[in-house]
Amino acid sequence: MTRSRLYRSGVLERTDFPASEAAHHLADPSVTLWLDLDTPAPQDLAELATALGLHPLAVASVLDDDHQRPKLVHYDRHSFLAAYAVRVNSADGELTASELDAFVTDRVLITVHRNNTADIDALTARWDSTPELAKSGAGYLLHGLLDHLVDGHLDAVQVLDERIEELEDLVFADHVDPTDLQRRSLRLRKSLSRLRHLAVPMREIVGSLMRREMRSVDDSLLPYFQDVHDHVLRVTEWTESLRDLITTIRETQLTIQGNRLNTIMKKVTSWAAIIAVPTAITGFYGQNLPYPGFAQASGVWVSTLAILVISTTLYVLFKRRDWL
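Summarised in this report is the structure supplied together with it. (Residues numbered from 1 in each chain as written. Predicted model: local features only at pLDDT ≥ 70, side-chain atom pairs only at ≥ 80, totals over all residues. Heavy atoms only, no water.)

A contiguous nonpolar patch, built from Trp271, Ile275, Tyr315 and Val316 and spanning about 370 Å² of accessible area, is present on the exposed surface. Note on placement: Val316 falls in helix α8 (residues 297-320). (Patch = residues over 30% accessible without salt bridge, like charges linked within 9 Å, V, L, I, M, F, W, Y side chains within 5 Å. Areas by Shrake-Rupley, 256 points an atom, 1.4 Å probe, with all protein chains shown as cover. Salt bridge = Lys/Arg side-chain N within 4 Å of Asp/Glu carboxyl O. Helix = DSSP H or I, 4+ residues; strand = E, 2+ residues; numbered from the N terminus.)

Shown next as structure tokens:
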């Protein structure tokens, strides 16, 4: 499946033409092309690489099923971008990432992904929202792609922030399952770590574009790439703060559990002390030796009174010290 766009002198002229026509259209220097390949066959990608002069190492990176880290590599005739689109399940905070690769020349942007995992409609809508930038050629297309991906990272960290706020409320709840709370904390921390690994390299990617390492990025696009760079920094800083917050929440949970256990132990110990009083007194009066009140009714009343007085005294004392 291939989607495509043809811009001539900054104006969208054609869409969804075959990728085999790309080389023919590029004969016109006023043309800028975008090709989107969803799970391309190796033979089709090899033919396109031959027609457009794509570097074999970049093509091999696309065909490799192993997930690679986000990067931007410059070759003689083009650059190769590896990045990730992310989504977060708002219910449980589970993060999923899908790789999106791109070949970038001064007049062509080729995006490659697998199994229709990229939201291409949202990407094209991003381009359509800024048609005045289309005259900047492939740099305009690349900006829209990076802006789309980084905004997805920003949306993901926003959802994770909301889930962490829910955890904060649960930490101080009276009735909460500590196992479930721990499971949710670890899942969110895993999602944040994954997002951080994908977002941090984007700083260098966008930064290299702003250093004019690519001929396709002209001066008019620099403020727009600066805006994307600011969003990248916001994502990375936000992610770091949320990872620290998750750690704090976990430590707070363990502290609260320890305090609650201490409170329970104080109460159990206090009640054990109170119960030990009648046990000791009745055990004393139950021995087969003469004592004051032995074999007399007065002994029963003395022992009962001693139990009541001492137990009540201990109860009042423990209550005042907040041990009960």
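Next, the rest of the story.
With that settled, the discussion passes to the sheet that holds strand β5 (residues 79-88). Where strands meet in a sheet, backbone hydrogen bonds hold them as pairs that are either parallel or antiparallel. Reading across the sheet, the seven strands line up as β2-β1-β3-β7-β6-β5-β4 and stay open at both edges, with mixed pairing between neighbours. The outermost strands of the open sheet, each flanked by one partner alone, are β2 (11-15) and β4 (71-74). Taken pair by pair, the neighbouring strands of this sheet meet at an average axis angle of 20°, ignoring direction. As paired elements, β4 and β5 share four bridges and run antiparallel to each other. Of the residues in β5, the one forming a bridge with Leu72 is Leu81. Strand contacts of helix α5 (residues 138-171): β1 (2-8), β3 (31-38), β5, β6 (95-104) and β7 (108-113), with the helix running at about 30° to β5, the strand carrying the most contacts. (Pairing = 2+ DSSP bridges. Axes fitted to C-alpha atoms, helices over the stretch in contact; angles between N-to-C directions. Contact = heavy atoms within 4.5 Å.)

Within the largest apolar cluster, 33 residues are counted, with the highest numbers of intra-cluster contacts made by Leu81, Leu109, Trp127, Leu145 and Leu146. Put simply, the parts of the chain that give this core at least two residues each are β5, β6, α4 (120-128), α5, α6 (178-210) and α7 (222-285). It is α5 that contributes the most residues to this core, seven residues altogether. Counting 24 residues, the second-largest nonpolar core is a separate cluster that includes Leu198, Trp238, Leu242 and Ile249. (Core = buried A, V, L, I, M, F, W, Y, C linked by side-chain atoms within 4.5 Å. Buried < 20%, exposed > 50% of the residue type's maximum accessible area, 1.4 Å probe, protein only.)

Counting buried positions over the eight residues of β3 gives eight, a clear majority of the element. Side-chain alternation along β3 places Val31, Leu33, Leu35 and Leu37 on one buried face and Thr32, Trp34, Asp36 and Asp38 on a second face that is also buried. Judged from the seven bridges that link them, β1 and β3 form a sheet pairing that is antiparallel. Bridging from a neighbouring strand, Tyr7 pairs with Thr32 of β3.

Below, the discussion takes up the packing of aromatic side chains. According to the stated counting rule, one finds four aromatic pairs in the structure shown. Residues Tyr7 and Tyr140 carry aromatic rings whose centres are separated by 5.8 Å and whose planes lie at 85° to one another, so their mutual orientation is edge-to-face. Of this pair, Tyr7 sits in strand β1 while Tyr140 sits in helix α5, and the two are 133 residues apart along the sequence. By relative accessible area, Tyr7 is classed as buried at 4%. For the ring pair Trp271 and Tyr315, a centre distance of 5.9 Å and an interplane angle of 45° mean the geometry is tilted. Here Tyr315 lies in helix α8 and Trp271 lies in helix α7, a separation of 44 residues in the sequence. The class for Trp271 is partly exposed, based on a relative accessible area of 41%. (Phe/Tyr/Trp six-rings, centres within 6.5 Å; stacked < 30°, edge-to-face > 60°.)

Moving residue by residue along a regular strand, the side chains alternate between the two faces of the sheet. Among the 10 residues in β6, eight count as buried, and that is most of the element. Bridge count for β5 against β6 is 10 bridges, and the pairing is antiparallel. Within β6, the residue paired with Arg87 across the bridge is Thr96. Sheet analysis places β6 next to β7, joined by four bridges and oriented antiparallel. Residue Asp101 lies in a different strand from β7, and its bridge partner there is Val112. Linking two consecutive strands that pair antiparallel, namely β6 and β7, is a turn of three residues.

Counted under the stated rule, the structure contains 15 salt bridges. Residue Arg14 pairs with Glu21 through a salt bridge whose shortest N-O separation is 3.5 Å. On the basis of relative accessible area, Arg14 is assigned to the partly exposed category, the value being 34%. On the accessibility criterion, Glu21 (26% relative accessible area) is partly exposed.

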